[in-house]
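Given next are the chains, with one letter for each unit.
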Amino acid sequence: MALLLRTHYKLAKTAIKENRTRSFLTCLGIAIGVASIILILSLMGSISNLIKSEIGEIGADLIVVRPGTTKDTVTSIVEELTSANSFQKSNLSASDTDAIKKIENISAAAPIAISNNTVASEKNTFSSVSILGTTTDFIKIEPLAMRFGSFFNENNQENSVVLGHTLSLALFNTINSTVGKTITIMGEKFMVVGVLDEIEKSISFDNIDFDNALIMNINAIDKLTGSTQVQQINVKAANTDSLDTISDNIKKTLLEKKNGDQNFAVAHGDGITHPAGSLFNIISGMLTLVAAISLVVGGIGVMNIMLVSVAERTHEIGIRKAVGASSRNILLQFLFEALILSILGGIFGLILGYILAFILSTFTPFAPFISWEILAITFLTTLVIGIIFGIYPALKAATKNPIDSLKHYQ
Amino acid sequence: MSENTIIELKGLTKKYGYGDTESFALKDFDLTIKRGEFIMIMGPSGCGKTTLLNIIGLLDRATRGEYILNGENVAGISSHRQAKLRAKKIGFVFQNFNLINDLPILENVALPLVYTGYSKTSRLKNASSVLKRFHLQEREYYLPYQLSGGQQQRVAIARAIVGDPEIILADEPTGNLDSRSSHIVMEELKGIHEEGNTIIMVTHNPTLTVYATRVINMLDGQIDTDVKTVADANLPQPISVKIKKRKSDFSSLTDNDVKRSRRSRRSRRKK
């Protein structure tokens, strides 16, 4: 049997070599489909790597408390990501932060409350500037680089603000001499104590664009607007070994405090990037689906060329049957031919896809991403495509009547 | 049934069409063929000669009737089994040669061995020595169209006998050849017959009947006349001896050697 399989493989190889141009074009059809899938998977892989490295930079000791229960279904993730008001539902408060701080093994905890308001300097006025209300712990957890000045501290926190790089430029047309100047929010005056460095990372786990944000004390905002909602609490653990236990403790403490109303989620590690990661998974799934269509087109190409090949070689099939080939022999011979075509196409596509990914990586931050899963998926898909689109022509060849085939015009 | 009977046909009927278009290519056809016979089947066009040959060659099936090949009733066997028997027991020679144009002569001759489980080397070795017998060895790597008709038909005969079949079926093998090539081809067939092979040949040419040991005239799907020119006792018989000799001549490895080495390799792997 093994010998026969090898013979079929050799026969198929000879047939493919004899029709070089035709085989190449057929392979190209498969290759383009595979290349687009590879390109998408590689891109998505590198994006999720970027997200992971973002967490890595912050440190493995980060725990995040977010409002709302953990979302797992695709619909709820999409809802969360597309709804502008998702933060409104928050039931976290600044006092929760204080409760968390009392738990052992926690070195810092800072709330994040985001609101929009009009900010005015002596020169310009901007409406709907993102204002991030937090505490002095914030800088301990997320070490933002300061361009000028410093983050506010216990002594000056009540009337100090920190500006994002771009916001500073917008308000004062400069970043150099911004520190020490005053801005007005809802009639109250605040002093600028620091300007953030430009943020180069494209993704932040806080969902905040720090370049355009204004950071101030959460109590100061409370006083201005009357009420603030905490959208996230960042927690820094004292040691990284017991993150699970600490998370559980936070959960317990908050549940107690809220009388069992669990409308929040505690996440650490990969869980922090969950919403963003899920979004990319959804996008990559859809793009892969679109690429799969081109793969199906490639498969139809294989089927087409195999049908031509079977029709062309009807006489040969008749001869082979007359000298003792069974229908199964003929089936295998043509199925192998289709399989070789599609697998060759897959290998082509793999190479083509990575060449494209490399070209793309030269002007985007997405490095080509290779994993054994991608290779396995490619191989399996091309195998399946080869079988699906090769079986019909092969069956057609196998069921030909030898007498009629022998009479077939040569 | 005597031991020397190789083919026995009883009440073989082949019907085409239904109702008004019904026609019989063979009608209650009875025939017993002994090992070593050289049968020529003659008759007008449409009398069922080729249909008979196709049924004997297991390429076609009778509508009803019995076909006993080597003591086994093969009338109702699966097409897979038909193919296996074709590969082992039957060699075909056609009027239009039916060689695969893309393959060199050597691989054309080796074709039947593909389906009986020979390795590539032993296939080509066997094919090469059969070609040598037909004085075509120096043309091994020619493509079929580069040879004359007579040469192509000799290649086809080489292909028919390479697997040591018991029966050789020839459908007008000289129909496309001039008289000189016809003569050479017939001499080759005669040589094969003298080694003990059973040959059944369809022809339109009455002068060729001198080669036959039995001449059957067919008419409307039935036997018209059946003349034996050689007594059954005088038919050439040394088939089994010859097969063994040829296999050991052609390659240093016999099939058993190959099997044995494969078995030992497998057992070594198990250890």
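Residues numbered from 1 in each chain as written. Chains lettered and ligands numbered in written order. Predicted model: local features only at pLDDT ≥ 70, side-chain atom pairs only at ≥ 80, totals over all residues.

Caption draft 1: Main features of the overall build of chain A. Counting its regular elements, chain A contains 13 helices and 10 strands. In chain A, buried positions account for 39% of the 410 residues. Pairs at least 24 apart in sequence give 83% of the contacts found in chain A among residues at least 6 apart. (Helix = DSSP H or I, 4+ residues; strand = E, 2+ residues; numbered from the N terminus. Buried ≥ 20, exposed ≤ 12 C-beta atoms within 10 Å, placed from the backbone. Contact = placed C-beta atoms within 7 Å.)

Caption draft 2: Main features of the nonpolar core. Residues Ile 39 and Val 109 of chain B are the most contacted members of the largest nonpolar core, which totals 114 residues. For this core, the element with the highest residue contribution is helix H2 (residues 20–58) of chain A, accounting for 14 residues. The residues contacting Ile 39 of chain B, other than those within four sequence positions of it, are Ile 33, Ile 199, Ile 200, Met 201, Ala 212, Arg 214 and Ile 216 of chain B. One finds Ile 185, Ile 233, Ala 237 and Ile 246 of chain A within the second-largest nonpolar core, a separate group that totals 52 residues. (Core = buried A, V, L, I, M, F, W, Y, C linked by C-beta atoms within 7 Å.)

Caption draft 3: Spatial organisation of the sheet that holds strand E8 (residues 198–202) of chain B. All names here are of chain B. Spatial ordering of the open sheet is given by E6-E7-E8-E3-E9-E10, a layout of six strands whose pairing is mixed. This sheet does not close on itself; its edge strands, each paired only once, are strand E6 (90–93) and strand E10 (222–228). Neighbour-to-neighbour, the strand axes of this sheet turn through a mean angle of 15 degrees, independent of strand direction. In terms of strand pairing, E6 meets strand E7 (residues 167–171) through four bridges, oriented parallel. Looking at E7, one finds that Gly 91 is bridged to Ile 168. Taken strand by strand, helix H1 (residues 49–56) contacts strand E3 (38–42), E7, E8 and strand E9 (214–219), and its axis lies near 150 degrees from that of E8. (Pairing = 2+ DSSP bridges. Axes fitted to C-alpha atoms, helices over the stretch in contact; angles between N-to-C directions.)

Caption draft 4: Just the interface of chain B and chain A, in detail. Chain B puts 22 residues into the contact, and the matching count from chain A is 20 residues. Listed by contribution, the elements that provide at least two residues to the side of chain B that touches chain A are helix H2 (79–89) and helix H3 (105–114) of chain B. For the side of chain B that touches chain A, the element with the highest residue contribution is H2 of chain B, accounting for six residues.

Caption draft 5: Seen up close, helix H7 (residues 218–225) of chain A. All names here are of chain A. Taken together, the buried positions of H7 are Ile 218, Ala 220 and Ile 221. Seen from one end, H7 has its buried residues packed into an arc of 155 degrees, which puts them on one side. Where H7 is buried, its residues touch helix H4 (94–101), strand E2 (106–120), strand E3 (125–134) and strand E8 (213–217). Downstream of H7 by a residue or two, Gly 226 has a phi angle that is positive, lying close to 90 degrees. (Arc of directions from axis to C-beta.)

Caption draft 6: Representation of the packing of helix H1 (residues 2–18) of chain A against helix H11 (residues 327–361) of chain A in the model. Residue and element names in this part refer to chain A. Relative orientation of the contacting elements H1 and H11 amounts to 60 degrees, with a least axis distance of 8 Å. Overall, the two elements H1 and H11 adopt an arrangement that is oblique. When the axes of H1 and H11 are compared, the crossing they make is right-handed. Where H1 abuts H11, its residues His 8, Tyr 9, Leu 11, Ala 12, Lys 13, Ala 15 and Ile 16 lie against Leu 332, Gln 333, Phe 336, Glu 337, Ile 340 and Leu 341. Partitioned by chemical class, the residues of the contact of H1 with H11 number nine nonpolar, two polar and two charged. (Parallel < 35°, antiparallel > 145°, perpendicular 65-115°, else oblique. Left-handed = near helix turned anticlockwise from the far one by under 90°. Nonpolar A, V, L, I, M, F, W, Y, C, P; charged D, E, K, R; others polar.)

Caption draft 7: Region of the structure containing the pairing of strand E1 (residues 62–67) of chain A. Residues and elements named next belong to chain A. Summarising burial for E1: five of the six residues are buried, a large majority. Across four bridges, the pairing between E1 and strand E9 (residues 232–237) is antiparallel. Across the sheet, residue Leu 62 finds its bridge partner in E9, namely Lys 236. Summarising the sheet, E1 and strand E10 (residues 264–268) pair through five bridges and their orientation is antiparallel.

Caption draft 8: Region of interest: the packing of H4 of chain A against helix H8 (residues 243–257) of chain A. Residues and elements named next belong to chain A. Contact geometry for H4 and H8: axes closest at 10 Å, N-to-C directions at 135 degrees. It follows from the interaxial angle that H4 and H8 lie oblique. In this structure, the crossing between H4 and H8 has a hand that is right-handed. Where H4 approaches H8, its residues Asp 96, Ala 99 and Ile 100 are matched on the opposing element by Ile 250, Thr 253, Leu 254 and Lys 257.

Caption draft 9: A look at H1 of chain A. Between its terminal C-alpha atoms H1 of chain A stretches 24 Å, which fits the 24 Å expected from 17 residues at 1.5 Å a residue. All of the buried residues in H1 of chain A are Thr 7, His 8, Ala 12, Ala 15 and Ile 16 of chain A. (Expected span 1.5 Å × (residues − 1).)

Caption draft 10: Inspection of the domain arrangement of chain A at higher detail. For chain A, the assigned domains read domain 1 (2–52 + 279–407) and domain 2 (92–262). Computed over C-alpha atoms only, the centres of domain 1 of chain A and domain 2 of chain A are separated by 55 Å. (Domains from an automatic or database assignment.)

Caption draft 11: Unusual backbone geometry, seen in detail. The phi torsion at Ser 128 of chain A lies on the positive side, around 45 degrees, for a residue other than glycine. Notably, Asp 220 of chain B is not glycine yet its phi reads approximately 50 degrees, a positive angle. Of note, Asp 220 of chain B is situated in the loop between E9 and E10. Assessed through the 15 C-beta atoms surrounding it within 10 Å, Asp 220 of chain B is described here as partly exposed.

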